[in-house]
Amino acid sequence: MTLCVIVPVKPFGSAKSRLSPVLAPAARRALAQALFDHTMEALAGFSAPALVMVVSRSAAALHEAAARGFVPLKESRSSGLNTALAQAAAHAGDLGASRILILPTDLPLLGRDDLDAMAACDCAIAPDQHLAGTNALVWPTRIAPRFHFGANSFARHLAFARAMELDPEVVRRQGLACDVDLPGDLSFVSRNVFAAAAKPGRRRAPESGSDRGPGRGRRDD
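A few points on the structure. (Residues numbered from 1 in each chain as written. Predicted model: local features only at pLDDT ≥ 70, side-chain atom pairs only at ≥ 80, totals over all residues. Heavy atoms only, no water.)

Moving on to the overall build of the protein chain. The helix and strand tally for the protein chain stands at seven helices and seven strands. Along the protein chain, helices and strands appear, N-terminal first, in the series β-α-β-α-β-α-β-α-β-β-α-β-α-α. Scored against the burial criterion, the 221 residues of the protein chain give a buried share of 52%. Counting every atom, the protein chain has about 9700 Å² of accessible surface; 51% of that belongs to carbon and sulfur. (Helix = DSSP H or I, 4+ residues; strand = E, 2+ residues; numbered from the N terminus. Buried < 20%, exposed > 50% of the residue type's maximum accessible area, 1.4 Å probe, protein only. Areas by Shrake-Rupley, 256 points an atom, 1.4 Å probe, with all protein chains shown as cover.)

Structure representation (structure tokens):
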């Protein structure tokens with residue numbers, strides 16, 4: 001196994017709180033679920049040989065991951081995104097992964113070509129459209145990762161990679177740069193994302209109201 005894609009997921013009911021000025025709680029939950037489904041569909045058709053791991057405290061997200069044949073990993077403690085990712089990266093190493101790809105679920109334009117572009121790199125960082133946050137990260141497990149999701153994470157991940165004598169690729173693609181954090185970002189959400197989530201026949205486990213997820217770390221929302 002060469003690559004493990006790690007997908008951190010916040011419980012749908014508590015996700016996207018920064019969109020509360022324009023979306024009611026039920027709409028934010030529906031958006032979070034739709035974006036999660038969109039990410040899972042993209043990964044289902046990923047051409048690279050890879051293991052997909054979903055790390056979360058959400059029973060619904062872990063159930064969906066297992067149903068798709070992905071690896072569900074329950075977050076051991078609610079201490080933020082960077083801690084959850086460190087747990088998942090260690091587990092990926094135990095499973096034999098030589099690289100990890102950190103992939104959030106709020107990229108509405110994400111496509112399989114975007115995944116292929118990241119998978120082609122030994123070390124890579126995909127910044128957001130403002131060159132401030134990190135929207136995807138490839139890291140070799142031979143070097144212990146140190147995650148810096150939060151303010152100015154793109155610059156911090158880039159500096160850390162170079163300090164470790166790596167030569168990170170900066171991957172700038174629309175599908176990786178456009179995320180959904182703030183009300184102004186909603187214009188990037190394709191109606192196809194919601195249409196896919198609304199298809200009949202999809203079944204989902206109920207989500208425990210007590211689940212508290214890792215957040216996305218660029219900022220807990």
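So, about the pairing of strand S5 (residues 124–127). The alternating pattern of S5 places Ala 124 and Ala 126 and Ile 125 and Pro 127 on opposite faces, both of which are buried. Inspection of the sheet shows S5 paired to strand S6 (residues 134–140) by four bridges, in the antiparallel sense. Bridged to Pro 127 within S6 is Thr 134. Counted along the chain from S5 to the antiparallel partner S6, the turn is six residues long, and its residue Leu 131 has a positive phi close to 55°. As paired strands, S5 and strand S7 (residues 169–170) are joined by two bridges and run parallel to one another. Paired with Ala 124 across the strands is Glu 169, a residue of S7. (Pairing = 2+ DSSP bridges.)

Okay, the pattern of salt bridges next. Applying the stated criterion across every chain yields a total of four salt bridges. Its salt-bridge partner being Glu 64, residue Arg 68 comes within 2.9 Å of it at the nearest N-O pair. Its relative accessible area of 23% is what places Arg 68 among the partly exposed residues. Under the relative-accessibility criterion, Glu 64 is labelled buried at 6%. (Salt bridge = Lys/Arg side-chain N within 4 Å of Asp/Glu carboxyl O.)

Let us look at the sheet that holds strand S2 (residues 50–56). Pairing is mixed in the open sheet, where seven strands are placed in the order S3-S2-S1-S4-S6-S5-S7. Edge positions in the open sheet fall to strand S3 (71–74) and S7, since each of these has one partner strand only. Along the sheet, helix H4 (residues 112–119) makes contact with strand S1 (3–9), strand S4 (99–102), S5 and S6, crossing S4 at roughly 140°. (Contact = heavy atoms within 4.5 Å. Axes fitted to C-alpha atoms, helices over the stretch in contact; angles between N-to-C directions.)

Our next topic: the packing of aromatic side chains. Evaluated as defined, the whole model comprises three aromatic pairs. Ring centres of Trp 139 and Phe 160 lie 5.3 Å apart, and the angle between their planes is 15°; on these two criteria the pair is classed as stacked. With Trp 139 in strand S6 and Phe 160 in helix H5 (residues 153–163), this residue pair connects regions lying 21 residues apart in the sequence. Taking relative accessible area as the criterion, Phe 160 reaches 9% and is therefore assigned buried. (Phe/Tyr/Trp six-rings, centres within 6.5 Å; stacked < 30°, edge-to-face > 60°.)

Grouped together as the largest cluster of nonpolar side chains are 33 residues, with contacts concentrated most on Val 5, Leu 43 and Met 118. If you list the elements that add at least two residues to this core, you get S1, helix H1 (25–44), S2, helix H2 (59–67), H4, S5 and S6. With five residues, H1 is the largest single contributor of residues to this core. By size, the runner-up hydrophobic cluster in this structure holds 28 residues, among which are Ile 6, Leu 51, Val 71 and Ala 97. (Core = buried A, V, L, I, M, F, W, Y, C linked by side-chain atoms within 4.5 Å.)

Checked against the element boundaries, Glu 64 lands in helix H2. In this structure the C-alpha to C-alpha distance between Glu 64 and Val 54, which are ten residues apart in sequence, comes to 9.3 Å.

Along the chain, Ala 66 falls in helix H2. Separated by twelve residues in sequence, Ala 66 and Val 54 place their C-alpha atoms 8.9 Å apart.

What follows is about H2. Along H2, the residues classified as buried are Ala 60, Ala 61, Leu 62, Glu 64 and Ala 65. Of the surrounding secondary structure, the elements contacted by the buried residues of H2 are S1, H1, S2 and S3. Two residues or fewer past H2, Gly 69 is found with a positive phi of approximately 85°.

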